[in-house]
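Next come the chains, spelled out residue by residue.
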Amino acid sequence: MSKVFQYSYINNKIGKTAEAKVSVMCKALQYGLGCFTGIRGNWNKQNKNLYLFRLDDHYKRVKESAKILGMKLNYSYPRFQKILIDLAKKNNIKEDIYIRPTLYSASTALTPRFDNQKDDLAVYMISLKEYFNTENGLNVCVSSWRRFDDDQFSVKAKITGAYANSALAKTEAVQNGYDEAVFLNRDGKVCEASGANIFGIKDNIVYTPPLGANILNGITRKTLIELFENELGLEVHEELIDRSMLYTFDELFFSGTAAKVAWIRSVDKRKIGTGKIGKNTIKIKNIFERASTGSLDGYNKWLTPVY
Ligand SMILES: Cc1ncc(COP(=O)(O)O)c(C=O)c1O
């Protein structure tokens, strides 16, 4: 279990995490009405600073999620930024962390609707090194659960309640002995994992499903596309991927804020490439690590220093 930091933000103030509570009646609990993001804070030992990664993009995604749902995020970017910085300072953080801001419906009225004027922002912080244990690579399966379509339930909005779909796939995968599940979408095309995007590499060309394939617009995905092109000079094709293509990639990995770059050893018991981490995956993992900790020239634009 990750260490939970002592202070959180809720009801417009910083207070003890143990006292940051919501009503049993609230719509966030009863109906899963809310949207969220997950942000990394990366500790740089040399600079003795904590860097929040692509904070502005995370803010934009929450703002857009709220817009899609008809919720209200009554926070400007500078205010959002200040809350996270103040909270990190209050928690005296000097290690790698994961930050979870959630815009949730605090309304206790019975009807499930989003336009209820009682939307509140809550933020907590935990320590987080690795989400996946990637020492031996991940053994994954294609889920028997499909990703829902955007005309049923927005994937783009990162809706709290939508993670029941992720939980079904993840639970099934783990109970069947796998580390993670890969969703196909309604059209049978490769979509994403329960909480990460997916990339494949074949003959030194990088492939990842396009935004229209029902995937979350991952901030790590966007970051890696830029790094693959600019730092490794590799072509990235955002195109539809068939299930059987998964089996024949030379390299395959998940990307995400929690997942970082997590290499996949097998899919449905078929070994990917040599069964070892691929050469381009190692390179992009290192470059990403450096960019997100303030150790790669030219990419400090993505970092918000706390101290
Ligand atoms: C379903 C899903 N897809 C993809 C991602 C990766 O997105 P990001 O890189 O913005 O963390 C996440 C994690 O937030 C996720 O939950």
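All values reported here derive from a predicted model rather than from experimental measurement. (Residues numbered from 1 in each chain as written. Predicted model: local features only at pLDDT ≥ 70, side-chain atom pairs only at ≥ 80, totals over all residues. Heavy atoms only, no water.)

K.L.:
Would you mind going over the site of the ligand with me for this structure?
P.N.:
Near the ligand you find 16 residues, and of these R61, Y163, E192, T220 and T257 are the closest. Contact distances for the ligand include 2.7 Å between an oxygen atom and a backbone N or O atom of I219. In the complex, 96% of the free accessible area of the ligand, which totals 380 Å², lies under the protein chains. Put simply, the ligand lies in the largest pocket. (Near = heavy atom within 4 Å. Polar contact = N/O pair within 3.5 Å; in protein donor to acceptor, adjacent residues only side chain to side chain. Areas by Shrake-Rupley, 256 points an atom, 1.4 Å probe, with all protein chains shown as cover. 1 Å grid on protein atoms, 1.4 Å probe; cavity = no way out; pocket = protein on both sides within 12 Å on 5 of 7 lines; lining within 4 Å. Sits in = over half its atoms within 2 Å of the grid points.)

K.L.:
Mind showing me how you'd approach the packing of aromatic side chains here?
P.N.:
Two aromatic rings are characterised by how far apart their centres lie and by the angle between their planes. In this structure the tally under the stated criterion is 15 aromatic pairs. An angle of 75 degrees between the planes, with centres 4.9 Å apart, marks the rings of Y131 and F132 as edge-to-face. In this structure Y131 comes out as partly exposed when scored by relative accessible area, which is 44%. Under the relative-accessibility criterion, F132 is labelled buried at 8%. What links up through ring pairs into an aromatic cluster is the set F53, F288, Y299 and W302. Here the guanidinium or amino end of K94 rests over the ring plane of Y307, the centre of that ring lying 5.3 Å away. (Phe/Tyr/Trp six-rings, centres within 6.5 Å; stacked < 30°, edge-to-face > 60°. Buried < 20%, exposed > 50% of the residue type's maximum accessible area, 1.4 Å probe, protein only. Lys NZ or Arg CZ within 6 Å of the ring centre and 35° of its normal.)

K.L.:
It is not clear to me how the environment of V155 should be interpreted in this structure. Could you clarify?
P.N.:
Within the fold, V155 resides in the loop between β8 (138–142) and α4 (163–175). We classify V155 as buried; its relative accessible area is 5%. With 59 residues separating them in the primary sequence, V155 and N214 have C-alpha atoms 6.3 Å apart. Setting aside residues no more than four positions away along its own chain, V155 makes contact with R147, F148, D150, E192, N214, I215 and L216. (Helix = DSSP H or I, 4+ residues; strand = E, 2+ residues; numbered from the N terminus. Contact = heavy atoms within 4.5 Å.)

K.L.:
Can you help me understand the layout of surface pockets in this one?
P.N.:
In this approach a probe as big as a water molecule rolls over the atoms, and the regions it shows empty are the leftover space. Considered as a void within the structure, the largest pocket measures approximately 480 Å³ in volume. Y98, R100, K158, G195 and A258 are, among the 29 residues lining the largest pocket, the residues nearest its centre. Every element with two or more residues in the lining of the largest pocket is listed here: β6 (97–105), β7 (119–127), α4, β10 (190–193), α5 (219–231) and β14 (251–256). Among the elements that line the lining of the largest pocket, the one with the most residues is α5, at three residues. Looking at the lining of the largest pocket residue by residue, the classes come out as 12 nonpolar, 11 polar and six charged. (Points joined across faces, edges and corners; volume = space filled by probe spheres on them. Nonpolar A, V, L, I, M, F, W, Y, C, P; charged D, E, K, R; others polar.)

K.L.:
How should the domain arrangement of the protein be read in this particular structure?
P.N.:
The parts lose accessible area when they come together, and the size of an interface is often stated as this lost area. As assigned here, the protein comprises domain 1 (7–127) and domain 2 (138–293). Measuring from the centre of the C-alpha atoms in domain 1 to the corresponding centre in domain 2 gives 25 Å. Facing the 22 residues of domain 1 at the interface are 21 residues of domain 2. Approximately 1800 Å² of surface area, both sides summed, lies buried where domain 1 meets domain 2, with 60% of it carried by carbon and sulfur atoms. The interface formed by domain 1 and domain 2 includes one salt bridge. (Domains from an automatic or database assignment. Buried area = accessible area lost by both parts, 1.4 Å probe. Salt bridge = Lys/Arg side-chain N within 4 Å of Asp/Glu carboxyl O.)

K.L.:
Got a minute to help me understand the nonpolar core in this structure?
P.N.:
A general feature of soluble globular proteins is that nonpolar side chains tend to end up buried together. Within the largest apolar cluster, 35 residues are counted, with the highest numbers of intra-cluster contacts made by L50, L52, L73, L84, I99 and M125. Only β1 (7–10), β4 (39–44), β5 (49–53), α2 (55–69), α3 (77–90), β6 and β7 provide two or more residues apiece to this core. For this core, the element with the highest residue contribution is α3, accounting for six residues. Counting only domains with at least three residues in this core, you end up with domain 1 (7–127) and domain 2 (138–293). Beyond its immediate sequence surroundings of up to four residues, L84 is in contact with I39, L52, L55, I99, V123 and M125. Judged by nonpolar contacts, the second largest core, of 22 residues, contains F132, V142, V190 and F249. (Core = buried A, V, L, I, M, F, W, Y, C linked by side-chain atoms within 4.5 Å.)

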